[in-house]
Amino acid sequence: MSNRVEALSQAAQGIRKSKGQKLELVRIKWLWERVNDFVIGGILPLLLLVIWQVSGDLGLFSPSFLPTPLQIAAEFRSLIASGDLTQHLSISLQRAVIGFLIGGSIGLFFGFIVGFVQKLEFMLDPSFQMLRMIPHLAIAPLIILWFGFGEVSKIVIIANGAFFPMYIYTFLGIRNVDHKLFEVAQVLNFSKSKQIFRLILPAALPGILLGLRLSVAISWLGLVVAELIGSQEGIGFLINYGKQNSSAELIFVGVIIFAVIGKLVDSLVRWLERRWLSWRDSFQG
């Protein structure tokens, strides 16, 4: 009897070990695929940087018109050493986060209530759609006139941009829920709250996350508009300062920071999409 128990125990340990090895192989495979993707994606940018640097060294264009990557890197080092880069970047990120949280939260709220209540759609949606068509640059001077050149006006500009994608895609996500799911809910005798949290929200989540991704992106664009129009601090201020002093290197530093931070935030939202929507079967390419 004891031999049989021992044999079963060893078999169970062998199964657990086999499962552990399979999981480890899956992790290694995933990591290797990500490294390959990173290497393949980095070939073109690296090639362009080399061509750019060599062309500048050969004097094919003026440094005041197009500084070389090494000159831009030197400007980066100078800003980091002085502490200016950290100060301006932290201020820009703070503005972007506050503006996004305010505008995105309001957009999410109105997207929910308009999506659930058809009468509110007839009442509110036409006005929202009309306001959505007003460009950032057109409404920014009016916001500055109302709120001045302080922090409030910048946050309002960012929140204005964050509101509309979140509102539209939350509204569409709810309205595009398959009606057959409601028939299933009736068969299962789901309560209203259970329909919302167990049926509507999971089905609408892809649209809501797409709205989140676009809302974050437009918040970042709104930050650029807000800081370029009137600011004494922030990455947009650095770009304006570079323009006033004919410093192309400083302008490139600001542009690169906006691009890199925007890409990192977008990648974070995409990671959340993959994590929260892992239950979906979708085309991977």
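Caption draft 1: Geometry of the environment of Pro-69. Looking at the element boundaries, Pro-69 is found in helix H2 (residues 69–82). For the pair Pro-69 and Val-54, spaced 15 residues apart in sequence, the C-alpha to C-alpha distance is 9.8 Å. With residues up to four places along the chain from it excluded, the contact list for Pro-69 reads Leu-49, Trp-52 and Gln-53.

Caption draft 2: Spatial organisation of the pattern of salt bridges. Applying the stated rule across the entire model yields four salt bridges. One salt bridge in this structure joins Glu-121 and Arg-175, with 2.5 Å as the shortest N-O distance. In this pair, Glu-121 is assigned in helix H4 (residues 118–132) and Arg-175 in helix H6 (residues 151–175), connecting sequence segments 54 residues apart. Accessibility expressed as a relative area gives 19% for Glu-121, which makes it buried.

Caption draft 3: View of a nonpolar patch on the surface. A cluster of nonpolar side chains, contributed by Leu-46, Val-50, Val-54, Leu-58 and Leu-60, occupies part of the molecular surface with about 510 Å² of accessible area. By the element assignment, Val-50 lies in helix H1 (residues 2–57). Take Val-50: its relative accessible area is 46%, and that puts it in the partly exposed class.

Caption draft 4: Seen up close, the packing of aromatic side chains. Under the definition given, this model contains twelve aromatic pairs. Residues Trp-52 and Phe-252 carry aromatic rings whose centres are separated by 5.6 Å and whose planes lie at 55° to one another, so their mutual orientation is tilted. Of this pair, Trp-52 sits in helix H1 while Phe-252 sits in helix H10 (residues 248–276); the two residues are 200 residues apart in sequence, bridging distant segments of the chain. Ring centres of Phe-163 and Tyr-167 lie 5.8 Å apart, and the angle between their planes is 5°; on these two criteria the pair is classed as stacked. With a gap of four residues between them, Phe-163 and Tyr-167 both fall in helix H6, about one helical turn apart. Here the aromatic residues Phe-109, Phe-110, Phe-128, Phe-163, Phe-164, Tyr-167 and Phe-171 are joined through ring pairs into a cluster of three or more.

Caption draft 5: Here's a closer look at the packing of helix H3 (residues 84–116) against helix H9 (residues 235–244). Where H3 meets H9, the closest approach of the two axes is 7 Å, and the angle between their N-to-C directions is 125°. Looking at the two axes, H3 sits oblique to H9. Contact with H3, carried on its side by Leu-85, His-88, Leu-89 and Ser-92, involves Ile-235, Phe-237 and Leu-238 of H9 and no other residues of that element. Class assignment for the residues of the contact of H3 with H9 results in five nonpolar, two polar and no charged.

The rules behind the values
Residues numbered from 1 in each chain as written. Predicted model: local features only at pLDDT ≥ 70, side-chain atom pairs only at ≥ 80, totals over all residues. Heavy atoms only, no water. Helix = DSSP H or I, 4+ residues; strand = E, 2+ residues; numbered from the N terminus. Contact = heavy atoms within 4.5 Å. Salt bridge = Lys/Arg side-chain N within 4 Å of Asp/Glu carboxyl O. Buried < 20%, exposed > 50% of the residue type's maximum accessible area, 1.4 Å probe, protein only. Patch = residues over 30% accessible without salt bridge, like charges linked within 9 Å, V, L, I, M, F, W, Y side chains within 5 Å. Areas by Shrake-Rupley, 256 points an atom, 1.4 Å probe, with all protein chains shown as cover. Phe/Tyr/Trp six-rings, centres within 6.5 Å; stacked < 30°, edge-to-face > 60°. Axes fitted to C-alpha atoms, helices over the stretch in contact; angles between N-to-C directions. Parallel < 35°, antiparallel > 145°, perpendicular 65-115°, else oblique. Nonpolar A, V, L, I, M, F, W, Y, C, P; charged D, E, K, R; others polar.

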